[in-house]
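The primary structure of each chain is shown beneath.
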Amino acid sequence: GNFNAPIIKVVNHPSYKNVMLYTVFPYISELMVTSTAPSGSTDNHGIYISSENGVINDMYLRNVMVAWCKGHGIYISGGGKYYIIDSYSEGNALDGIYIDFAWLVHIVNNFIATSRNGIYISPKNNFVQANIVGNTVLGNKGHGIFVYPSLPDGHVIIVGNSIGRSGSASGYRNLYLVAVKNFVVEGNVFFDDRSPPVTSYHIYVQDRSSMGVIANNIYRTPVAKAYIFIENGAKVLVHNNVNDPASVSLKTVSVPVGVNNTYGDAVYHLPFSPNNHLFRSFDIVINIGGTLASGETITVEIATFSSDDVYRTVTKTFTATGSYFLDVSDKLSLVGDQTMLIYFRFRAMSNQASTNATVSATVYAS
């Protein structure tokens, strides 16, 4: 592959335009593709699949090694269904596997390492479903898996992968989801075993993503910034991730105490920093401190804002200092039927003209 062009190029032959293409099932197997082209030969892709003369309906790659190409390792823009199984992509100047246009993609049990991005589903892509299952994605210079589809109503399934050591400099993520709707990220192992770590985030979800589940993943080592970051606006259920500070959030917020039976300023607990992480399970402890005057009553309003755009409130009164858990009936009042919670709001007031009381709320949420 010592030239600035694809080493293997798969296109729909013009002579086949009137043939029943669904009977054609191209298959590439047991093949090693490498390059000695000079740096900057950006069209030097290992396997280049293109719908230049029409859609390529199906393509199967198995036990293929693509390495050291100066373009993408595997480039797909054929518009059909693609199966990349038990293959190896390493050391490519651009992406290990680049999906530009496809309807259905299965990327299963591959080793994808030391390229620009490991797997990149580009913003030009209009796909129905991408299944990324059981791969090892290791040591890529940019993001490990980068999903940015133009059609967010498809499904993205990212299950059982080992994804680590992404980024040769800070700012890169092991998994980066941009404007993805209907996705499941489950049972993956994320890591950056460099010391100090370079990868910024194990998982980063951009604000236009929604209808997502991130569950039962293992974060084996820390990263430079945070295990997981979900931008304000994304709606994602985060549950039962190991070593994930976002799956169980413990946070204490101070609540200003108003006087003369007038609430002080409201404070908000955005349960996984930032807000819009959907969750269901929680406990709240109201902490009354300072000194209460004789006959003084402190009133605390606890409110939840939920996925049906409704505030639900519980009001509690206290006449002594101490820490007080909400009881079950209070918690049930704060959760609507078949809704998910987004954030908490707290307000407090005293019945006195002045007060030395303090109020804080400690929230445990998952």
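Residues numbered from 1 in each chain as written. Predicted model: local features only at pLDDT ≥ 70, side-chain atom pairs only at ≥ 80, totals over all residues. Heavy atoms only, no water.

Q: Quick question: what am I supposed to make of the sheet that holds strand E8 (residues 97-101) here?
A: What holds strands together in a sheet is hydrogen bonding between their backbones, with the strands either parallel or antiparallel. With respect to topology, 9 strands assemble into an open sheet ordered E1-E3-E5-E8-E11-E14-E17-E20-E23, the strand pairing being parallel. The strands lining the two open edges of the sheet, one partner per strand, are strand E1 (8-11) and strand E23 (226-230). Going across the sheet, the axis of each strand differs from the next one's by a mean of 5°, ignoring polarity. Sheet analysis places strand E20 (residues 201-205) next to E23, joined by 4 bridges and oriented parallel. Its bridge partner being in E23, Tyr201 is matched across the sheet by Ala226. (Pairing = 2+ DSSP bridges. Helix = DSSP H or I, 4+ residues; strand = E, 2+ residues; numbered from the N terminus. Axes fitted to C-alpha atoms, helices over the stretch in contact; angles between N-to-C directions.)

Q: Is there a simple way to explain unusual backbone geometry in this structure?
A: Between Ser195 and the following residue, Pro196, the backbone shows a cis peptide bond with an omega angle of -5°. Relative to the helices and strands, Pro196 resides in the loop between strand E19 (189-191) and E20. With phi around 60°, Trp68 is a residue other than glycine that occupies positive phi space. We note that Asn216 has phi near 60°; this positive angle belongs to a residue other than glycine. Along the polypeptide, Asn216 turns up in the loop between strand E21 (210-215) and strand E22 (218-219).

Q: Help me out: how do you make sense of the side chain of Thr299 in this one?
A: Inspection of the secondary structure puts Thr299 in strand E30 (residues 298-306). Residues contacting Thr299, with those up to four places away along its chain left out, are Tyr263, Thr315, Lys316, Thr317, Arg347, Ala348 and Met349. (Contact = heavy atoms within 4.5 Å.)

Q: Even after reading the chapter, I still don't get the packing of aromatic side chains, so can you show me in this structure?
A: For any pair of aromatic rings, the description rests on two quantities: the centre-to-centre distance and the angle between the ring planes. A full pass over the atoms with the stated rule returns 19 aromatic pairs. Ring geometry for Phe305 and Tyr311: centres 5.0 Å apart, planes at 55°, overall tilted. On the accessibility criterion, Phe305 (16% relative accessible area) is buried. Put simply, the rings of Tyr48, Tyr75, Tyr98, Tyr120, Phe146, Tyr148, Tyr176, Tyr201, Tyr204 and Phe229 pair up and form one aromatic cluster. In this structure, Lys331 is placed above the aromatic ring of Phe282, and the distance from its NZ or CZ to the ring centre is 5.7 Å. Taking the ring centre of Tyr311 as reference, the NZ or CZ of Arg345 above it sits at 4.5 Å. (Phe/Tyr/Trp six-rings, centres within 6.5 Å; stacked < 30°, edge-to-face > 60°. Buried < 20%, exposed > 50% of the residue type's maximum accessible area, 1.4 Å probe, protein only. Lys NZ or Arg CZ within 6 Å of the ring centre and 35° of its normal.)

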